[in-house]
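# Secondary and tertiary structure notes
This is what each chain is made of:
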Amino acid sequence: MFFDGAANFKGVGIGAVLISESGQHYPASAKIRFPCTNNMAENETCILGIRMAIDMNIKELLVIGDYYMLIHQVQGEWTTKDIKILLYLHCIKEMFKKFIKIDFKCILKI
């Protein structure tokens, strides 16, 4: 699964794409209609993609994104004191229980 979100003065957009082992693409996107930081947008996007995988009964998932903070926080390598982000992290970690295996990988944004 690839995910990305963006927040700016025009609004917030999020998107995720699940790609099956056979190469089939399952895209999803949404516009967030509440005040949202870029950090929140990235978390919303990750949750969108993971929920798609859960709904499709996927049991093994590789999550790929370009937002280092989220990837390192989800993996437990970095922490945060921001209560809003802590709630997102808790939600994501709860969804881990639906998978046999879930891994996260960070890629460089070019």
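All residue numbers refer to positions counted from 1 along the written sequence of the respective chain. Where totals are concerned, whole chains, interfaces and linings use all residues; where local detail is concerned, this predicted model gives features only for residues with pLDDT of at least 70, and gives and counts side-chain atom pairs only at 80 or more. The side-chain values count all of the structure's non-hydrogen atoms but skip hydrogen atoms and water molecules.

This part is about the overall build of the protein chain. The secondary structure listing takes helices from DSSP runs of H or I that are at least 4 residues long and strands from runs of E that are at least 2 residues long, numbered from the N terminus. What the protein chain contains, in helices and strands, is 3 helices and 5 strands. Walking the protein chain from its N terminus toward its C terminus, one meets helices and strands in the order β-β-β-α-β-α-α-β. In terms of C-alpha radius of gyration, the protein chain reaches 13 Å, essentially the compact-globule figure of 13 Å for 110 residues. Overall size of the protein chain, expressed as C-alpha extent along the three principal axes, is 40 × 30 × 25 Å. Think of it in three bands: residues with accessible area under 20% of the maximum for their type are buried, residues over 50% are exposed, and the middle band is partly exposed, with areas taken using a 1.4 Å probe on protein chains only. Sorting the 110 residues of the protein chain into buried and exposed places 38% on the buried side. Atoms counted for the radius of gyration: C-alpha only. Globule rule: 2.2 Å times residue count to the power 0.38.

Comment: axis = line fitted to C-alpha atoms, over the contacting stretch for helices; angle = value between 0 and 180 degrees taken between N-to-C directions. Packing of helix H1 (residues 38–55) against helix H3 (residues 83–95) leaves a shortest axis separation of 10 Å and a crossing angle of 15 degrees. With respect to each other, H1 and H3 are oriented roughly parallel. Crossing geometry of H1 relative to H3 is assigned as left-handed. Residue-level inspection shows Asn 39, Met 40, Asn 43, Glu 44, Cys 46, Ile 47, Ile 50, Arg 51 and Ile 54 of H1 in contact with H3, the latter providing Lys 84, Ile 85, Tyr 88, Leu 89, Cys 91, Ile 92 and Met 95. For this classification, the nonpolar set comprises Ala, Val, Leu, Ile, Met, Phe, Trp, Tyr, Cys and Pro, the charged set comprises Asp, Glu, Lys and Arg, and every other residue, Gly included, is treated as polar. In the contact of H1 with H3, the residues fall into 11 nonpolar, 2 polar and 3 charged. Between 65 and 115 degrees an angle is taken as roughly perpendicular, under 35 as roughly parallel, over 145 as roughly antiparallel, and anywhere else as oblique. Here a crossing is called left-handed whenever its near helix is offset anticlockwise from the far helix by less than a right angle, and right-handed whenever the offset is clockwise. Should any heavy atoms of two residues lie within 4.5 Å, those residues are counted as being in contact.

This part is about the pairing of strand S4 (residues 60–65). A regular strand places its side chains so that they alternate between the two faces of the sheet. Pairing analysis gives 2 bridges linking strand S1 (residues 2–8) to S4, with the strands arranged parallel. Its bridge partner being in S4, Phe 2 is matched across the sheet by Ile 64. Each pair of strands is called paired provided DSSP finds at least two bridges between the two strands. Pairing between S4 and strand S5 (residues 101–106): 6 bridges, direction parallel. Across the sheet, residue Val 63 finds its bridge partner in S5, namely Phe 104.

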